Amino acid sequence: MKMVQKRGIRAIVVCLACAYIALASIAMAGTMWTMRTHSSVHPCLKVSKTRGVIVYLAQFGMHSSYGKQALPGNTKLQKSVDSLYQNYNNKFHDDVIVFYANETLDTGFESEMKRGRPSLRFEKLSGPNWSLPNNLQPEQLDKWYRPAYSIGYRHMIRWYSLLIWPYLNARGYTHVMRMDDDSYLHTRIPFNIFDFMVINDFKYGYRSLIEEKLNKGLLPIINSYLESHNMNPRDPYFYQSTN
């Protein structure tokens with residue numbers, strides 16, 4: 001599988017049962033991991049219990065933190081979704097959800113995107129899924145760490161780090177693959193990604209590693225959570241116990 005990346009991680013595949021632990025382990029170790037407990041199995045075998053979903057978080061206009069970009073939001077998203085269906089989802093028909101917030105979705109664009117793609121839908125994020133924690137107020141932005149990043153960008157981080165997991169779990173999904181609107185599949189994938197993960201007991205998959213400096217205080221928070229729940233990522237049974 002070949003993909004194009006422009007900024008950060010552009011596609012990750014996660015077992016929802018391990019999502020919280022995966023994030024904690026990544027932050028602690030400074031690296032990303034893929035884990036399996038038995039030998040590989042042919043990827044064309046079907047696993048009936050798998051229910052995967054591919055998700056986007058789209059901005060149809062100017063990016064709230066990056067500003068004007070080479071391609072408009074709609075154009076980037078359409079190009080990405082086209083490549084996803086051409087090289088993968090026309091065959092496997094996994095659900096695809098395009099999340100968006102604080103923007104008006106053009107019904108003509110939505111109809112065009114969904115034409116011939118019954119597995120594709122758009123969902124607007126609002127309320128607790130797109131709001132600040134109770135103890136924070138928008139006017140405090142200039143006092144926060146790295147205030148150049150907009151509140152919308154921070155909502156995005158909160159959505160992908162905390163809120164998306166229970167949201168998808170409540171809808172019966174077992175795995176999720178994140179795509180950004182400038183992620184593109186350039187070659188065909190001949191097997192179902194989510195089935196392949198289950199068959200091979202993979203918990204987490206990624207395209208590439210981008211190392212970034214952690215914000216002050218993040219590691220102590222994660223360590224405190226692990227200690228209070230009697231969790232040790234170095235324990236060989238740690239990941240198995242999260243299934």
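Scroll up to find the structure.
These figures come from a predicted structure and were not determined experimentally.

## What about the nonpolar core?
Leu77, Tyr88 and Phe122 are the most contacted members of the largest nonpolar core, which totals 24 residues. Looking at this core, the elements with two or more residues in it are strand E3 (52–57), helix H2 (73–92), strand E4 (95–100), helix H3 (107–114), strand E5 (120–124), strand E6 (175–179) and helix H5 (193–199). At six residues, the largest contribution of residues to this core is made by H2. Beyond its immediate stretch of four places on either side in the chain, Leu77 contacts Tyr56, Ala58, Phe60, Val98, Phe109, Met113, Phe122 and Asp181.

## Looking at the pattern of salt bridges
Taken as a whole, this structure holds eight salt bridges when the rule is applied. Note that Lys76 is salt-bridged to Asp181, the shortest N-O span being 3.4 Å. Placement of Lys76 in helix H2 and of Asp181 in the loop between E6 and strand E7 (184–185) is noted, with a sequence separation of 105 residues between them. Among the salt bridges present, the one from Asp95 reaches Arg121, with a minimum N-O distance of 4.0 Å. Taken together, the positions of Asp95 in strand E4 and Arg121 in strand E5 put the pair 26 residues apart, joining distant regions of the chain.

## What to know about the packing of aromatic side chains
Counted according to the given criterion, the structure contains eight aromatic pairs. For the ring pair Phe99 and Tyr167, a centre distance of 5.7 Å and an interplane angle of 80° mean the geometry is edge-to-face. Taken together, the residues span a long stretch of sequence, with Phe99 in strand E4 and Tyr167 in helix H4 (residues 151–169) at a distance of 68 residues. The exposure classification of Phe99 matches that of Tyr167, with both residues buried. On the numbers, 5.7 Å between centres and 35° between planes, the contact of Phe196 with Phe202 is tilted. For Phe196, a relative accessible area of 24% corresponds to the partly exposed category. Ring-pair connections join several aromatic residues into one group, and the members of that group are Phe99, Trp159 and Tyr167. Geometry around Tyr184 places Lys79 over its ring, the cationic atom sitting 4.8 Å from the centre. Above the ring of Tyr85, the side-chain terminus of Arg117 is found at 4.8 Å from the ring centroid.

Reading the values: rules and limits
- Residues numbered from 1 in each chain as written.
- Predicted model: local features only at pLDDT ≥ 70, side-chain atom pairs only at ≥ 80, totals over all residues.
- Heavy atoms only, no water.
- Core = buried A, V, L, I, M, F, W, Y, C linked by side-chain atoms within 4.5 Å.
- Buried < 20%, exposed > 50% of the residue type's maximum accessible area, 1.4 Å probe, protein only.
- Helix = DSSP H or I, 4+ residues; strand = E, 2+ residues; numbered from the N terminus.
- Contact = heavy atoms within 4.5 Å.
- Salt bridge = Lys/Arg side-chain N within 4 Å of Asp/Glu carboxyl O.
- Phe/Tyr/Trp six-rings, centres within 6.5 Å; stacked < 30°, edge-to-face > 60°.
- Lys NZ or Arg CZ within 6 Å of the ring centre and 35° of its normal.

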